[in-house]
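Structural features, examined
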Amino acid sequence: MTEKTDVILIGGGYAGVMAANRLTQRDDIHVTLVNPRPAFVERIRLHQLVAGSDDALVDYQSVLAGGVELVVDSVTQIDAAGRRVILASGGALDYDYLVYAVGSGSGKSSVSGAAEYAYPISTLEQARRLQPVVDAAPASAALTVVGAGPTGLETASELAEQGRTVTLVCGKVLGPYLHPRARRSVARKLAKLGVTVLEGDGATVTGVTADAVQLSDGGELHSDVTIWTAGFSVPDLATRSGLSTDSLGRLLTDETLTSVDDVRIIAAGDSGAPSDLPVRMSCQSAMQLGPQAAETVLSRIAGKEPASLDVGFFGECISLGRRAGVVQYAKRDDTPTSVFYLGNRSMAMLKEGVCKSTIWQLRQEARRPGRLDLWFKDRQRRKVVRAKAAPVDAGRPA
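Residues numbered from 1 in each chain as written. Predicted model: local features only at pLDDT ≥ 70, side-chain atom pairs only at ≥ 80, totals over all residues. Heavy atoms only, no water.

**Side note on the side chain of Thr358**
Relative to the assigned elements, Thr358 resides in helix H10 (residues 345–367). Other than its neighbours up to four places away in sequence, Thr358 contacts Tyr14, Ile44, Cys283 and Met287. (Helix = DSSP H or I, 4+ residues; strand = E, 2+ residues; numbered from the N terminus. Contact = heavy atoms within 4.5 Å.)

Given below as structure tokens:
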């Protein structure tokens, strides 16, 4: 009987599931996915969970290949020297290769009172904690959404469409990543939904209390429920395990997504930093990085040199409630290249199609692993990587 290669994946999000499914191409690999929840979370629908229009959950049986073993648990430590992971339940699992796909969440805010009184929604548990609070609040309750990123825009729009009184606190500008035409379109739609938009030099949150939001201009905004969508962080598992990370805790890798410390550890998704040049945090990036991380593992098992990553960024697709949306093409630094700024139902349908397509891709990879390569290209990345790696010419003046 042929001995199987054990591959463990930590994290069952978009990148982790894509990688797990891709690995089932070979019958001589035992694939184990460790995830703290028994169902797949559609993170891009968590704002809908808060508003009550979707539960943001998909049965793992429908998106995981039959050859993937699901272990519902959390990893508390990676023992790279011993090639094993320690589980929160007290057990341990041995591996030959490890795919690190722990994802990301909202950042810990330094704003006074935010941790105590504001509700983040970047995880299933956070969204579930907020939903009954919103449901219990009177129809006239003042809801405040802090942060003008896609999650902030989508959350504010979703709640306002239900007749809620919503204020969106943006900071200096509404959607700083948006093309001016797209920004105007979004502003018009928010106004039509009744959302009060605060932007400008004084529209930065400096404090949160049980019933108010304090602003940098000295003003105070009454808020019965404050929703926090600003910031970014990753789990500290890699740092706690003694692996090299960037300043935010993302696992440092080379361009094959392999840890700079250990060729048997490969990163996928938001929690990795290839060449210390992280790919933009997004679902679309995770859907591309997952299969490529798996291909690195497959290449190493086959004794071949892994390929360098090739991940591009299409742009933003933002829902504005169930009946409108905005789409723009953009570079990976969010610089718009062109824009569809129509805030109409066709854009909402397009965004819904994008959400459904991610689940379709997971299922396709489960059924026919290795056949799906739907990713964009980033022609500039290799130039940047080469320039960063180039030795400094000692003969040139400083």
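Resuming the write-up.
**What about the sheet that holds strand E6 (residues 75–79)?**
Reading across the sheet, the three strands line up as E6-E7-E8 and stay open at both edges, with antiparallel pairing between neighbours. Either end of the sheet is taken by a strand with one partner, and the two such strands are E6 and strand E8 (92–94). On average, each strand axis in the sheet is tilted by 20° relative to the strand beside it, whichever way the strands run. When strand E7 (residues 84–87) meets E8, the two strands line up antiparallel, connected through three bridges. Along E8, the bridge assignment pairs Val85 with Leu93. (Pairing = 2+ DSSP bridges. Axes fitted to C-alpha atoms, helices over the stretch in contact; angles between N-to-C directions.)

**Details of the confidence of the model for the protein**
Model confidence for the protein is summarised by a mean pLDDT of 90, while 91% of its residues fall at 70 or above. Low confidence marks residues 392–398, where pLDDT is under 50. Its contacts with residues over four positions away, or in another chain, come to zero contacts. (pLDDT = per-residue confidence, 0-100.)

**So, the domain arrangement of the protein**
The assigned domain composition of the protein is domain 1 (5–104 + 234–309 + 355–364) and domain 2 (114–228). Distance between the C-alpha centres of domain 1 and domain 2: 31 Å. In this assembly, 14 residues from domain 1 lie in contact with 15 residues from domain 2. Across the domain 1 to domain 2 interface the summed buried area is about 1300 Å²; carbon plus sulfur atoms make up 62%. (Domains from an automatic or database assignment. Buried area = accessible area lost by both parts, 1.4 Å probe.)

**Side note on the packing of helix H6 (residues 150–161) against helix H7 (residues 180–193)**
Packing of H6 against H7 brings their axes to within 9 Å, and their N-to-C directions diverge by 30°. By the criterion of interaxial angle, the relationship of H6 to H7 is roughly parallel. As H6 runs across H7, the sense of the crossing is left-handed. Taken together, the residues of H7 that come into contact with H6 (itself represented by Leu153, Ser157, Ala160 and Glu161) are Val186, Leu190 and Leu193. Broken down by class, the residue content of the contact of H6 with H7 amounts to five nonpolar, one polar and one charged. (Parallel < 35°, antiparallel > 145°, perpendicular 65-115°, else oblique. Left-handed = near helix turned anticlockwise from the far one by under 90°. Nonpolar A, V, L, I, M, F, W, Y, C, P; charged D, E, K, R; others polar.)

**Thoughts on the sheet that holds strand E15 (residues 212–215)**
Spatially, the three strands line up as an open sheet ordered E14-E15-E16, and their pairing is antiparallel. On the outer flanks of this sheet lie strand E14 (205–208) and strand E16 (220–222), each paired with one strand and no other. Going from strand to strand, the sheet's axes swing by 25° on average, the running direction of each strand aside. Across three bridges, E15 lies against E16 in antiparallel orientation. Directly across from Gln214, in E16, lies its bridge partner Glu220.

**Points about the nonpolar core**
Membership of the largest hydrophobic core comes to 39 residues, with the highest contact counts inside it found for Leu9, Val17, Leu23, Phe40, Val63, Val99 and Leu362. Sorting the residues of this core by element identifies strand E1 (5–10), helix H1 (14–23), strand E2 (29–35), helix H3 (60–63), strand E9 (97–100), helix H9 (283–301) and H10 as the ones contributing at least two each. Considering each element in turn, this core owes the most residues, eight residues, to H9. Leave out the neighbours within four places in its chain, and Val17 touches Gly12, Leu33, Phe40, Tyr60, Val63, Leu64 and Leu362. With 38 residues, the next largest nonpolar core counts Ala51, Ala141, Val166 and Leu174 among its residues. (Core = buried A, V, L, I, M, F, W, Y, C linked by side-chain atoms within 4.5 Å. Buried < 20%, exposed > 50% of the residue type's maximum accessible area, 1.4 Å probe, protein only.)

**Side note on the environment of Leu33**
In this structure, Leu33 sits in strand E2. Here the alpha-carbon distance between Leu33 and Leu70, two residues 37 residues apart in the chain, equals 4.9 Å. Beyond its immediate chain neighbours, meaning those up to four positions away, Leu33 contacts Leu9, Gly11, Gly12, Gly16, Val17, Tyr60, Leu64, Val68, Glu69, Leu70 and Val71.

**A closer look at H6**
When the terminal C-alpha atoms of H6 are compared, their 16 Å separation across 12 residues agrees well with the 16 Å that a helix rising 1.5 Å per residue should span. The buried fraction of H6 is high, at 10 of 12 residues. For H6, the full list of buried residues reads Gly152, Leu153, Glu154, Thr155, Ala156, Ser157, Glu158, Leu159, Ala160 and Glu161. One or two steps after H6, the chain reaches Gly163, where phi turns positive at roughly 90°. (Expected span 1.5 Å × (residues − 1).)

**Digging into the packing of aromatic side chains**
What the rule picks out here adds up to two aromatic pairs. With a centroid separation of 5.2 Å and 85° between ring planes, the pair formed by Tyr14 and Phe40 is classed as edge-to-face. Note that Tyr14 is positioned in helix H1 and Phe40 in strand E3 (residues 39–41), a separation of 26 residues in sequence. On the accessibility criterion, Phe40 (0% relative accessible area) is buried. The interplanar angle of 75° and the centroid separation of 6.2 Å between the aromatic rings of Phe40 and Tyr60 together place this pair among those described as edge-to-face. Taken together, the residues span a long stretch of sequence, with Phe40 in strand E3 and Tyr60 in helix H3 at a distance of 20 residues. An aromatic cluster of three or more residues is present, and its members are Tyr14, Phe40 and Tyr60. Sitting over the ring of Tyr97, Arg264 keeps its end group 4.9 Å from the ring centre. (Phe/Tyr/Trp six-rings, centres within 6.5 Å; stacked < 30°, edge-to-face > 60°. Lys NZ or Arg CZ within 6 Å of the ring centre and 35° of its normal.)

**Let's talk about unusual backbone geometry**
Located in the positive-phi region is Leu257, a residue other than glycine, with phi close to 75°. Along the chain, Leu257 turns up in the loop between strand E18 (251–253) and strand E19 (265–267). Judged by its relative accessible area of 3%, Leu257 is buried. In the Ramachandran plot, Ser275 falls in the positive-phi region, its phi being about 55° despite a non-glycine side chain. Within the fold, Ser275 resides in the loop between strand E20 (272–274) and H9.

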